[in-house]
Number of protein chains: 2
Amino acid sequence: MIFFHPRMKMNWPLVWITLCLTSTTLVIGGKILVFPLDGSHWVNMKILIEELHLRGHQVTVIRTTDSWYIKETSPSYTSVTLGGESGFDKEFLKNFVAQLIIIQREGKSAWTRFKLELEVTQKAAEMSEKMSKTIVQLLENQDLIETFHKTKFDLVLTDPAIPGGVILAHYLGLPLVYNVRWTSHGEGHFDIAPSPLSYIPLTGTLLSDKMNFLERVLNMVYFGFMQIQLAYCNTPYYSALIKKYIGPEASYKALFQAADLWLMRVDFVFEFPRPTMPNVIYMGGFQCKPAKPLPQHLEDFMQSSGEHGVVIMSLGTFIGEIPHDLANEIAAAFAKLPQKVIWRYVGQRPDTLGNNTLLVDWMPQNDLLGHPKTKLFVAHGGTNGIQEAIYHGVPLLGVPLIFDQHDNFVRIAARGAGKILDFFSMNEDIFFEGLKEVLTEPSYRVNMERISRLHKDVPMKPMDTAIFWIEFVMRNKGAAHLRTESYRLPWYSYHSVDVMLFLAAAVLLILGTFVAFIRLFCFKVCLRKKIKSE
Amino acid sequence: MIFFHPRMKMNWPLVWITLCLTSTTLVIGGKILVFPLDGSHWVNMKILIEELHLRGHQVTVIRTTDSWYIKETSPSYTSVTLGGESGFDKEFLKNFVAQLIIIQREGKSAWTRFKLELEVTQKAAEMSEKMSKTIVQLLENQDLIETFHKTKFDLVLTDPAIPGGVILAHYLGLPLVYNVRWTSHGEGHFDIAPSPLSYIPLTGTLLSDKMNFLERVLNMVYFGFMQIQLAYCNTPYYSALIKKYIGPEASYKALFQAADLWLMRVDFVFEFPRPTMPNVIYMGGFQCKPAKPLPQHLEDFMQSSGEHGVVIMSLGTFIGEIPHDLANEIAAAFAKLPQKVIWRYVGQRPDTLGNNTLLVDWMPQNDLLGHPKTKLFVAHGGTNGIQEAIYHGVPLLGVPLIFDQHDNFVRIAARGAGKILDFFSMNEDIFFEGLKEVLTEPSYRVNMERISRLHKDVPMKPMDTAIFWIEFVMRNKGAAHLRTESYRLPWYSYHSVDVMLFLAAAVLLILGTFVAFIRLFCFKVCLRKKIKSE
């Protein structure tokens, strides 16, 4: 591995050669320690790891015994399996979505809904507790830590939606790179960049970047509630751990902010424009690639659609079975379309299924979205699917369910590239009208094609950008010159509250002295007059 | 010229072709209207224009009859000469620097210094007045405006240190791109990105991004004074003009903020890391290029220096003659060096000049800085010179004089890549010690080479980046998706002051109602007790 140590002493001609070499991105076989998050987050981390492997880097992935998607063996990485649990409970998540659908569709009481939310918060706290125990086990495992030290990793790559990789990188004293959209505290930008709540909507509010007064009030109130929730189900499990293993001065939030590089899984074709920082690199759509040819039976099905084309529907990995009556409503609406339909569906076959609809339990989503016959994508609104739709320029009909899915669609709707339906109150007619609108109103396709064009109109592909900057951190042992150290300031100093109070006090003191002087003067004058008159 | 209109309707295969085409940066012969600023700012605008011309774009440059550097004819552009004055008074500027040196060296009273500052403020106001009159003349010149409309320019490129181009772009309804480090209101970032004064030093304070409490107070006070100064010598001359020609709702500052793209003439190797925005593109060092071979007599001189190498000195274009006694001190210090010296110097030959020192009235600065024999650059701290020194990795000895020069060197000194001397109190010994320190202490060279390496370790050369984004704005008729519209919010909404007051009032109302209820309840209980006891 060839690196240039920042303090390496060189003579001038040698420097000239290194300059030429570094500018051609010379990194041979770096060593990367990855602390990923399971579930859909792993889907995109895996794509990044595969690319790093292809470019000659050695990747070691940390997983737990209860890992769901993260396999123990892979041609792209070697894995280290920790004894503890990740706390990532796929059954709970699937169950939660199923319950949510039932509650919403059957119009159960607000109390039932609240109880479910409480359960989720409880579960999040439980997950934090389990993860924190696993991290302690990891840090206490001196043999493993010793092996990590001996391996001389160049950096830790992590998804900071869980703090494991963040804490480990600091413990090992390694440069830290994020594959990020969320940190443990919420949307990633809120941790690193100034985020005026007047035009930056919080995820969950379903607001856009143009808010009226009441929407801005809602955004602020929501922000307050989020802080309380985080304080309850996140921070307490890690604070003591961090003080013990990182240092008594270390703060949980500042650890996150001290990362060298944030590879953000959005771009400003998708996300609303907002303040950012020099060490935030946008790699939204890095997972997208041109479509490969379809298997013959799918290609035949696509071609059989003629001039009408095909509608694709998928609700992602979290959705197991949907209620049978809802499936019937959806199938009935599809049956009325002149288009053909490919529907990723598990569960009992809907009774109303039309001849035009093909049910599949898995589909090559990217290849279908890139097929010229595809006219519309009915999606739940996970980031991966939306990015693929943007990449291929396919308009969206959104039926968001949980997490950030509705907010993601708010962004798509704001650009006129898709329409949102309420999944829970949906029936055949509403769904059919939605389908018809996006299929027949040309603005949806025109707008989606416009943002697709903008998404691709960048100097470098998002994946190449991501790899360049990961290798940059390897070459330069971090990216200190891109990172402010403002996170070290206490909040009152960061926001200049101390300075303002000081200046206010100074002004008051000067005014006070002035007034006292005037009064003293008047008093003397009055006294003199009095003496004279006496 | 081939463009894709955002609302152009296309069928799918055509879209696919356009996607492929746009991603290979297809812009053929755009038309660019440039409203530059004269003086040293023109030096770098000219480099950008030359590159645009090379890449097949037609450039039209607006100048005034009293233009200093901006020539009427050029192979790279056609010019339009306005009748009015730019107000850019080169004689005043040269005179100001000369006076400043005398005042500082001769230890004149603070009052004399203050008078000079007042004169400068007065001059700035005068310049604004002249420029505003010139802009009115331009906007009233219906023939010229008609010609501009007919030419169908793709964008206006301007240096927003003066508002001419900003106003003209809005008047013509054209996309607007900045070649910027300063706007009329100060350092460019302050207009567009959140800028916490707790770690972002104002230019002129000589502070770094790590400030103690008193430095933060100074930064805040300085900010206040700057606002007052701007309100006096800038805004009033343009506000009425803008309301008349752009619209009654238009605000002077918001016009600046509404630009599509900010090509910022810094990078974070030079500038301290700070919040930024998606439509700010960093092109620091875009003017730098590899050294060309020197003229034979200079090459011979360089080679004659042997192993010791050469020191280069230049104080930029604003400095005419420096006081003879100071020139003698400098020359005497140079004479004591084992190195050879090339000194860009005008005026009477110093009496103490050593055999090792070559006086020149002009020098190929970039080629000299890129020469392997060059060991040190003694500079005044203009951005162009500093960027060239960073590009070639030559450590700096700074003798800053005016404007941002001292602050520029604060950034270089913070990285350990140079040392600052006080030009005004400098004598032979101080200057010699400074030269010796930077020449013999290896850390200066090591650090400068490190930042030079970082500067070049980017995915794309700064000039290519600048051109890509200018052409992006042409292709896409702007860059709306990268620009927040938060500048349209009134300040109290932007900072959520209205929301906070509303929430505070709501909390008070709830508390008040609660207290009133309790009091009413107590009152009733007491009343009942009283009745009973009676």
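Please read these numbers as outputs of a predicted model, since none were measured by experiment.

**Considerations on the overall build of chain A**
For chain A, the count of helices and strands is 20 helices and 15 strands. Its C-alpha atoms give chain A principal-axis dimensions of about 115 × 70 × 45 Å. Going through the 534 residues of chain A one by one, you find that 56% of them count as buried. Per element, the accessible surface of chain A, about 23100 Å² overall, is 59% carbon and sulfur. When the 53 positive and 51 negative side-chain charges of chain A are each reduced to one mean point, those points stand 9 Å apart.

**Topic: the sheet that holds strand E11 (residues 340-344) of chain A**
Hydrogen bonds along the backbone pair up the strands of a sheet, which may run parallel or antiparallel. Residues and elements named next belong to chain A. Ordered by their spatial adjacency, six strands build an open sheet running E12-E11-E10-E13-E14-E15, and the pairing between neighbours is parallel. Each having just a single partner strand, strand E12 (357-360) and strand E15 (418-420) make up the two edges of the open sheet. Strand after strand, the sheet turns through a mean of 15° between neighbouring axes, direction not considered. In this structure, strand E14 (residues 396-398) lies alongside E15, joined through three bridges in parallel fashion. The partner of Gly 398 across the bridge, within E15, is Ile 420.

**Some thoughts on a nonpolar patch on the surface**
A surface patch of nonpolar side chains, amounting to about 400 Å² of accessible area, comprises A:Phe514, A:Val515, A:Phe517 and A:Ile518. Counting through the fold element by element, A:Ile518 comes out in helix H20 (residues 497-533).

**Regarding the environment of B:His455**
Residue and element names in this part refer to chain B. In this fold, His 455 is placed in helix H17 (residues 442-456). Using a relative accessible area of 4% as the deciding quantity, one classes His 455 as buried. Taking the C-alpha atoms as reference points, His 455 and Gln 387, separated by 68 residues in sequence, lie 9.5 Å from one another. Setting aside anything within four residues of it in sequence, one finds His 455 in contact with Asp 267, Val 269, Gly 284, Gly 285, Gln 387, Ile 390, Tyr 391 and Pro 462.

**Some words on the domain arrangement of chain A**
Residues and elements named next belong to chain A. Split into domains, chain A comes out as domain 1 (32-286 + 462-485), domain 2 (296-456) and domain 3 (491-533). Using C-alpha coordinates to define each centre, domain 1 is positioned 29 Å away from domain 2. With 35 residues of domain 1 in contact, the opposing surface of domain 2 contributes 30 residues. Counting each side, the surface lost to burial between domain 1 and domain 2 is near 2800 Å², with a carbon and sulfur contribution of 63%. When residues of domain 1 are sorted by the area they lose upon contact with domain 2, Arg 105, Val 269 and Phe 270 head the list and together hold 28% of the total. At the boundary of domain 1 with domain 2, the tally comes to three salt bridges. Across the pair Arg 105 and Asp 325 runs a salt bridge whose closest N-O atoms are separated by 3.4 Å. Summed over the shared surface of domain 1 and domain 2, the result is 12 residue pairs in polar contact (both at pLDDT 80 or more).

**Here we look at the packing of aromatic side chains**
The tally for this structure, following the rule as stated, stands at 38 aromatic pairs over all chains. Aromatic pair A:Phe334 and A:Phe431: ring centres 5.2 Å apart, planes at 75°, arrangement edge-to-face. A residue pair is termed long-range when its members are at least 10 positions apart, and A:Phe334 in helix H12 (residues 324-335) and A:Phe431 in helix H16 (residues 428-440) qualify at 97 residues. As far as burial versus exposure is concerned, A:Phe334 and A:Phe431 are alike and both buried. Where B:Phe423 meets B:Phe424, the ring centres are 6.1 Å apart and the plane angle is 85°; that geometry is what we call edge-to-face. Assigned by exposure class, B:Phe423 and B:Phe424 land together as buried. The structure contains a cluster of three or more aromatic residues connected by ring pairs, namely A:Phe334, A:Trp343, A:Tyr345 and A:Phe431. One residue, A:Arg274, lies across the ring of A:Phe190, its end atom 5.6 Å from the ring centre. Taking the ring centre of A:Phe432 as reference, the NZ or CZ of A:Lys336 above it sits at 4.6 Å.

**Quick look at the interface of chain B and chain A**
Across the contact, 71 residues belong to chain B and 71 residues belong to chain A. Summing the contributions of chain B and of chain A, the shared interface buries around 6400 Å²; its carbon and sulfur component is 68%. At the boundary of chain B and chain A, one finds four salt bridges. We note a salt bridge from B:Asp457 to A:Arg475, for which the minimum N-O separation is 2.7 Å. Counting across the interface, chain B meets chain A through 11 residue pairs in polar contact (both at pLDDT 80 or more). Of all the secondary structure elements, the ones that give two or more residues to the side of chain B that touches chain A are helix H1 (12-22), helix H8 (213-233), H17, helix H18 (462-476), helix H19 (491-494) and helix H20 (497-533) of chain B.

**What to know about the packing of helix H4 (residues 110-140) of chain A against helix H6 (residues 164-172) of chain A**
When two helices pack together, you describe them by how their axes are tilted relative to each other and by the distance separating the axes. Residue and element names in this part refer to chain A. Packing of H4 against H6 leaves a shortest axis separation of 10 Å and a crossing angle of 25°. Taken together, the axes of H4 and H6 are roughly parallel relative to one another. Our pair here, H4 against H6, has a crossing hand that is right-handed. The residues of H6 that touch H4, namely those facing Ile 135, Leu 138 and Leu 139, are Gly 164, Ile 167, Leu 168 and Tyr 171. Its residues assigned to classes, the contact of H4 with H6 comprises six nonpolar, one polar and no charged.

**Focus on empty space enclosed by the protein**
Under the counting rule described, the total for this entry stands at seven cavities of 30 Å³ or more. Considered as a void within the structure, the largest cavity measures approximately 1200 Å³ in volume. At the level of secondary structure, the elements contributing two or more residues to the lining of the largest cavity comprise strand E9 (280-282), helix H17 (442-456) and helix H18 (462-476) of chain A together with strand E9 (280-282), H17 and H18 of chain B. No other element matches H18(A), which puts four residues into the lining of the largest cavity.

**Quick word on the relation of the copies chain B and chain A**
Once chain B has been moved 0.0 Å along the axis and rotated by 180°, it coincides with chain A to within an RMSD of 0.1 Å. Each copy turns onto its partner about a two-fold axis. Among all C-alpha atoms of chain B, that of B:Thr276 lies closest to the rotation axis, at 2.7 Å. A shared interface surface links the copies, since 100% of the contact residues of chain B are contact residues in chain A too.

**Examining the UniProt feature "transmembrane region" (unreviewed entry) in chain A**
The UniProt feature table records "transmembrane region" (unreviewed entry) at residues 499-522 of chain A. What you have in residues 499-522 of chain A is 100% helix and 0% strand, and the ends, taken at the C-alpha atoms, are 34 Å apart.

**Side note on the pattern of salt bridges**
Residues and elements named next belong to chain A. Counted by the stated rule, this structure contains 49 salt bridges over all chains. In this structure, the salt-bridge partner of Glu 140 is Lys 244, at a minimum N-O distance of 3.8 Å. Here the residue Glu 140 occupies a position in helix H4, and Lys 244 occupies one in helix H9 (residues 235-245), the gap between them amounting to 104 residues. Judged by relative accessible area, which is 61%, Lys 244 ranks as exposed. One network of salt bridges, with partners in common, ties together Arg 181, Glu 271, Asp 404 and Arg 411.

Criteria and cut-off values
- Residues numbered from 1 in each chain as written.
- Chains lettered and ligands numbered in written order.
- Predicted model: local features only at pLDDT ≥ 70, side-chain atom pairs only at ≥ 80, totals over all residues.
- Heavy atoms only, no water.
- Helix = DSSP H or I, 4+ residues; strand = E, 2+ residues; numbered from the N terminus.
- Buried < 20%, exposed > 50% of the residue type's maximum accessible area, 1.4 Å probe, protein only.
- Areas by Shrake-Rupley, 256 points an atom, 1.4 Å probe, with all protein chains shown as cover.
- Lys, Arg positive; Asp, Glu negative; His and termini not counted.
- Charge placed at Lys NZ, Arg CZ, Asp CG, Glu CD.
- Pairing = 2+ DSSP bridges.
- Axes fitted to C-alpha atoms, helices over the stretch in contact; angles between N-to-C directions.
- Patch = residues over 30% accessible without salt bridge, like charges linked within 9 Å, V, L, I, M, F, W, Y side chains within 5 Å.
- Salt bridge = Lys/Arg side-chain N within 4 Å of Asp/Glu carboxyl O.
- Contact = heavy atoms within 4.5 Å.
- Domains from an automatic or database assignment.
- Buried area = accessible area lost by both parts, 1.4 Å probe.
- Polar contact = N/O pair within 3.5 Å; in protein donor to acceptor, adjacent residues only side chain to side chain.
- Phe/Tyr/Trp six-rings, centres within 6.5 Å; stacked < 30°, edge-to-face > 60°.
- Lys NZ or Arg CZ within 6 Å of the ring centre and 35° of its normal.
- Parallel < 35°, antiparallel > 145°, perpendicular 65-115°, else oblique.
- Left-handed = near helix turned anticlockwise from the far one by under 90°.
- Nonpolar A, V, L, I, M, F, W, Y, C, P; charged D, E, K, R; others polar.
- 1 Å grid on protein atoms, 1.4 Å probe; cavity = no way out; pocket = protein on both sides within 12 Å on 5 of 7 lines; lining within 4 Å.
- Points joined across faces, edges and corners; volume = space filled by probe spheres on them.
- Least-squares fit on C-alpha atoms with pLDDT ≥ 70 in both.
- UniProt positions renumbered as here; feature names shortened; annotations may be inferred.

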